Amino acid sequence: MKVTVSILKSNLDKTETIKRVEQTDADYIHVDVMDGQFIPHHSLSIYEVNNLFAKSKKALDIHLMVDDVEGHIKAFKHLHVNSFIFHVETKQNIEALIDYVHSLKIKVGLAINPETPTDSLLPYLDKVDSILVMGVTPGEGGQKLIKTTVDKAFVLKGLRTKFNYNYKIGIDGGVNLETRPLLEDFDYLISGSYVCMSDNYQDKIDSLR
Ligand code: DX5
Ligand code: ZN
């Protein structure tokens, strides 16, 4: 199982948290960017992300919970990015965003909120590299997994088999040792507070793999 660590909620400062994640075998670092508009919460600014990750050794999955998805992609495209993840709920043109990110030779993840029906993803399933099923309402680390989101991930797995699509399926939010048994059938897990609020990041990652 691939494991990506979200640095959103940690008991250490961001620099130290990133340093510790860099010392683990986590597949990627998951960077949550919130603009206070697309969702009411704020996280790292463009300036902070660029400073914190200028020399990142691990590749980044940048999760954009922002109105101006395109502007943020432009602001981060020079970093060591594995994928840009934006939401199917965005008001921007999803097809154009997918093409733009692919033109940069970067992968595209499409995230879906707990209350959004899977049907909204149908036009994009043959074009994206991953689907990020939000296990919680985006905004904060440390929330409880909403169990119906796991059903949604199974629907997406069924569609992938049926139509031979290539996207990976990840779960973001509420991933910890307790919820791990429900998530065996998917490709990658994003875990934040379970890892970063602990004193041994590698142990927690091992327990999720
Ligand atoms: C939620 C973020 C998640 C979050 C996961 O808005 O997109 O990436 O940081 O944190 P945990 O694992 O604590 O639920
Ligand atoms: Zn996230």
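Attention in this report is confined to the structure presented alongside it. (Residues numbered from 1 in each chain as written. Chains lettered and ligands numbered in written order. Predicted model: local features only at pLDDT ≥ 70, side-chain atom pairs only at ≥ 80, totals over all residues. Heavy atoms only, no water.)

Notes on the overall build of the chain
A tally of regular secondary structure across the chain gives seven helices and eight strands. Here the C-alpha coordinates of the chain stretch approximately 40 × 40 × 30 Å along the principal axes. Of all 209 residues assigned to the chain, the portion counted as buried reaches 54%. Across the chain, contacts joining residues at least 24 apart in sequence account for 61% of those joining residues at least 6 apart. A total accessible area of about 9,600 Å² is found for the chain, and carbon and sulfur atoms account for 50% of it. Separation of charge centres in the chain, based on 24 positive and 29 negative side chains, amounts to 4 Å. (Helix = DSSP H or I, 4+ residues; strand = E, 2+ residues; numbered from the N terminus. Buried < 20%, exposed > 50% of the residue type's maximum accessible area, 1.4 Å probe, protein only. Contact = heavy atoms within 4.5 Å. Areas by Shrake-Rupley, 256 points an atom, 1.4 Å probe, with all protein chains shown as cover. Lys, Arg positive; Asp, Glu negative; His and termini not counted. Charge placed at Lys NZ, Arg CZ, Asp CG, Glu CD.)

Observations concerning the pairing of strand β6 (residues 130–134)
Along β6, five of the five residues are buried, which leaves the element largely enclosed by surrounding structure. The alternating pattern of β6 places Ser 130, Leu 132 and Met 134 on one face and Ile 131 and Val 133 on the opposite face, and all of these are buried. Both strand β5 (residues 107–112) and β6 contribute to a ladder of four bridges, which runs parallel. Bridge pairing links Ala 111 to Leu 132 in β6. Crossover connection from β6 via helix α5 (residues 148–163) to parallel strand β7 (residues 168–172): handedness right-handed. (Pairing = 2+ DSSP bridges. Right-handed = clockwise from strand over helix to strand, strands pointing away.)

Examining the pattern of salt bridges
Counted by the stated rule, this structure contains nine salt bridges. Of the charged contacts in the structure, one is a salt bridge between Arg 20 and Glu 16, with a shortest N-O distance of 3.1 Å. With a gap of four residues between them, Arg 20 and Glu 16 both fall in helix α1 (residues 14–22), about one helical turn apart. A residue is classified by how much of its surface remains accessible, and Arg 20, at 31% relative accessible area, is partly exposed. Its relative accessible area of 25% is what places Glu 16 among the partly exposed residues. Salt bridges sharing common partners tie together Glu 16, Lys 19 and Arg 20. (Salt bridge = Lys/Arg side-chain N within 4 Å of Asp/Glu carboxyl O.)

Notes on the packing of aromatic side chains
What the rule picks out here adds up to three aromatic pairs. Centroid distance Phe 154 to Phe 186: 4.9 Å. Interplanar angle 65°. Geometry classified as edge-to-face. Here the residue Phe 154 occupies a position in helix α5, and Phe 186 occupies one in the loop between β7 and β8 (188–191), the gap between them amounting to 32 residues. Ring geometry for Tyr 165 versus Tyr 167: centroids 5.8 Å apart, planes at 35°, classification tilted. Taking the relative accessible area as the measure of exposure, Tyr 167 reaches 0% and is therefore buried. Taken together through their ring pairs, the aromatic side chains of Phe 163, Tyr 165 and Tyr 167 make up a single cluster. Positioned above the aromatic ring of Tyr 100 is the side chain of Lys 74, whose terminal nitrogen or guanidinium carbon lies 5.7 Å from the ring centre. (Phe/Tyr/Trp six-rings, centres within 6.5 Å; stacked < 30°, edge-to-face > 60°. Lys NZ or Arg CZ within 6 Å of the ring centre and 35° of its normal.)

As for the coordination of the zinc ion (ligand 2)
For a metal with four tetrahedral donors the ideal donor-metal-donor angle is 109.5 degrees, while six octahedral donors give ideal angles of 90 or 180 degrees. Summarising the metal site, the zinc ion (ligand 2) is bound by the protein donors His 30 (NE2), Asp 32 (OD), His 63 (ND1) and Asp 172 (OD), whose distances to it range over 2.1 to 2.3 Å. Here the donor residues of the zinc ion (ligand 2) share one chain and are spaced in sequence as H-x1-D-x30-H-x108-D. Highlighted residues: Asp 32 in strand β2 (residues 28–34) and His 63 in strand β3 (residues 60–65), separated in sequence by 31 residues. Take His 63: its relative accessible area is 0%, and that puts it in the buried class. (Donors = N, O, S within 2.8 Å, 3.2 Å for Na, K, Ca; no water.)

Quick notes on the site of ligand 1
Taken together, 19 residues form the shell around ligand 1, and within it Gly 139, Gly 142, Asp 172, Gly 192 and Ser 193 come nearest. Within the backbone of Gly 174, a nitrogen or oxygen atom sits 2.9 Å from an oxygen atom of ligand 1. Going through the elements one at a time, β2 and β3 are the ones with two or more residues in the shell around ligand 1. Residue contributions to the shell around ligand 1 peak at three residues, all from β2. Each residue belonging to the shell around ligand 1 can be placed in one class, and the counts come to five nonpolar, 11 polar and three charged. (Near = heavy atom within 4 Å. Polar contact = N/O pair within 3.5 Å; in protein donor to acceptor, adjacent residues only side chain to side chain. Nonpolar A, V, L, I, M, F, W, Y, C, P; charged D, E, K, R; others polar.)

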